[in-house]
Amino acid sequence: MTFEVTPGWLNWYEGPAKPRFKVPEGAVDAHCHVFGPGHQFPFAPERKYTPCDASKDQLFALRDHLGFARNVVVQATCHGADNSAMVDALQHSKGMARGIATVKRSISDAELHALDAAEVRGVRFNFVKRLVDFTPKEELMEIAQRIAPLGWHIVIYFEAVDLPELWDFFTALPTTVVVDHMGRPDVTKPVDGEEFQRFVRLMDEHENIWSKVSCPERLSISGPKALNGEQQAYQDVVPFAKYLVERFPDRVLWGTDWPHPNLKDHMPDDGLLVDFIPQIAPTVELQHKLLVDNPMRLYWPEEVK
Ligand SMILES: O=C(O)/C=C(\CC(=O)C(=O)O)C(=O)O
């Protein structure tokens, strides 16, 4: 099957810079995706966008180029609940990738166990309205109850304005909960303002809630963009991510978000995105927790003594 990309689609950046920041040995890119290739792993009929292809081999080449050791491959909504492209990536990673799946209530126990055997370690619940149709919360809670005994966790994606309405559901989840992209704060509002502090309170009051301090390129309004060698990219996002890294050093994760679906303005140079990390994790100790200790504890606990 061949697919036409969504009009205006930006392809991922080819030939990224070699990062100046050397990530610690064993670093994990804890948020990235694979798309297709569409002829091998067709995109889902219910998808809200059609991306360009972004294969596992291209993902692993980027991992090596950036100096990372491992990936967490997150099921993207363009593949719906057909996890086969993501699972194929895990199976070709030589144990260096783990996955987050999307599942429906109708999934059988045998299918869940097959995903577990393929090194999936969690499910993603997406509440971003432009990306998915609505799923009733009782269905999601039923899925949560079924995956909890596997030792899996739940990744949630939502926008900051929706947190009040989702709060009770999130805080009732029975597993570790990982929030994508800091709950998508509006970075034109202050760090100590009501909206971001609501998110901080969520993490303060609930020790099972973690955050990815990822996606400055998606959240930034004023830039500058991670292009053309820029070493001080996305200044408006730095205070938000740094705040979380310093306040919750043991519950933060970082990922490239390659291949950066649905960006409209520019496609970042992934090498320069890696150079963003020391801005938000200024010490060697914080960098090691963010890039190695925390993701290893969550995704490869059997390797952590
Ligand atoms: O890549 C991300 O994390 C963010 C996405 C895409 C997405 O979540 C998906 O398709 O599943 C976005 O904001 O468009």
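Residues numbered from 1 in each chain as written. Predicted model: local features only at pLDDT ≥ 70, side-chain atom pairs only at ≥ 80, totals over all residues. Heavy atoms only, no water.

As recorded by an unreviewed UniProt entry, the chain carries the name Amidohydrolase family protein and is attributed to Saccharospirillum mangrovi.

### Quick look at the state of the cysteines
For the structure on display, the rule yields 0 disulfides. Not part of a disulfide, Cys-32 finds its nearest cysteine sulfur in Cys-215, a span of 11 Å. Residue Cys-78 stays outside any disulfide, its sulfur separated by 9.6 Å from that of Cys-52, the closest cysteine. (Disulfide = S-S within 2.5 Å.)

### With respect to the sheet that holds strand 7 (residues 209-212)
Here we have 8 strands laid out as an open sheet, ordered 1-2-3-4-5-6-7-8, and parallel in their pairing. The open sheet has two edge strands, strand 1 (28-32) and strand 8 (252-253), and neither has a second partner. Sheet topology note: the strand 1/strand 2 (residues 70-74) ladder contains 3 bridges and is parallel. By the bridge assignment, Val-28 is partnered in strand 2 with Arg-70. Helix 4 (residues 137-147) rests against strand 4 (120-126) and strand 5 (153-157) of the sheet, and its axis sits at about 170 degrees to strand 4. (Pairing = 2+ DSSP bridges. Helix = DSSP H or I, 4+ residues; strand = E, 2+ residues; numbered from the N terminus. Contact = heavy atoms within 4.5 Å. Axes fitted to C-alpha atoms, helices over the stretch in contact; angles between N-to-C directions.)

### Some remarks on helix 4
Listed in full, the buried residues belonging to helix 4 are Leu-140, Met-141, Ile-143, Ala-144 and Ile-147. Buried residues of helix 4, viewed axially, fall in a sector of 160 degrees; they line one side. Buried residues along helix 4 sit in contact with helix 3 (109-117), strand 4, strand 5 and helix 5 (163-172). (Buried < 20%, exposed > 50% of the residue type's maximum accessible area, 1.4 Å probe, protein only. Arc of directions from axis to C-beta.)

### Observations concerning the site of the ligand
Looking at the ligand, there are 16 residues lining it, with His-33, Tyr-49, Thr-77, Arg-124 and Tyr-157 nearest. A distance of 2.6 Å separates an oxygen atom of the ligand from a polar atom in the side chain of His-33. Isolated, the ligand exposes 350 Å² of accessible area, and the fraction of that covered by the protein chains is 100%. In terms of residue class, the shell around the ligand is made up of 5 nonpolar, 6 polar and 5 charged. (Near = heavy atom within 4 Å. Polar contact = N/O pair within 3.5 Å; in protein donor to acceptor, adjacent residues only side chain to side chain. Areas by Shrake-Rupley, 256 points an atom, 1.4 Å probe, with all protein chains shown as cover. Nonpolar A, V, L, I, M, F, W, Y, C, P; charged D, E, K, R; others polar.)

### What to know about the pattern of salt bridges
Tallied over the full model, the rule gives 24 salt bridges. Here Glu-165 and Lys-137 are joined by a salt bridge, their closest N and O atoms 2.8 Å apart. With Glu-165 in helix 5 and Lys-137 in helix 4, this residue pair connects regions lying 28 residues apart in the sequence. Classification of Glu-165 as exposed rests on a relative accessible area of 54%. (Salt bridge = Lys/Arg side-chain N within 4 Å of Asp/Glu carboxyl O.)

### A few points about the UniProt feature "domain: Amidohydrolase-related" (unreviewed entry) in the chain
Under the feature "domain: Amidohydrolase-related" (unreviewed entry), the UniProt entry names residues 28-299. Taken end to end, residues 28-299 is 37% helix and 13% strand, and its first and last C-alpha atoms sit 10 Å apart. (UniProt positions renumbered as here; feature names shortened; annotations may be inferred.)

### Concerning the environment of Tyr-234
If you trace the backbone, Tyr-234 turns up in the loop between helix 7 (216-219) and helix 8 (238-247). Among the polar contacts made by the side chain of Tyr-234, one reaches the main-chain amide nitrogen of Ala-226 at a distance of 3.1 Å.

### Here we look at unusual backbone geometry
The residue after Gly-36, namely Pro-37, is reached through a cis peptide bond having omega 5 degrees. Assignment of secondary structure puts Pro-37 in the loop between strand 1 and helix 1 (56-66). With an omega of 0 degrees, the peptide bond running from Trp-258 to Pro-259 counts as cis. Structurally, the position occupied by Pro-259 is in the loop between strand 8 and helix 9 (270-274). Positive phi is not limited to glycine here, since Cys-215 has a value of about 70 degrees. Residue position: Cys-215 is located in the loop between strand 7 and helix 7.

### Here we look at the nonpolar core
Of all hydrophobic cores here, the largest spans 105 residues; its most connected members are Phe-125, Ile-156, Leu-173, Val-213, Leu-244 and Leu-291. In terms of residue count, helix 11 (residues 284-299) provides more of this core than any other element does, 7 residues in total. Sequence-distant contacts of Ile-156, that is, excluding residues within four places in its chain, are made with Phe-125, Phe-127, Phe-170, Leu-173, Val-177, Val-178, Val-179 and Asp-180. (Core = buried A, V, L, I, M, F, W, Y, C linked by side-chain atoms within 4.5 Å.)

### Comments concerning the side chain of Asn-294
With respect to the helices, strands and loops of the structure, Asn-294 is situated in helix 11. We classify Asn-294 as buried; its relative accessible area is 0%. For Asn-294, the residues in contact, after removing those within four places along its chain, are Trp-210, Pro-249, Asp-250, Arg-251, Val-252, Leu-253 and Lys-289.

### Points about the packing of aromatic side chains
In the structure shown here, the tally under the stated rule is 16 aromatic pairs. Seen in terms of ring centroids, Trp-9 and Tyr-49 are 5.5 Å apart; in terms of plane orientation they differ by 15 degrees. Their pairing is stacked. Here Tyr-49 lies in the loop between strand 1 and helix 1 and Trp-9 lies in the segment before strand 1, a separation of 40 residues in the sequence. Between Arg-70 and the ring centre of Trp-300, over which it is positioned, the NZ or CZ distance is 4.8 Å. (Phe/Tyr/Trp six-rings, centres within 6.5 Å; stacked < 30°, edge-to-face > 60°. Lys NZ or Arg CZ within 6 Å of the ring centre and 35° of its normal.)

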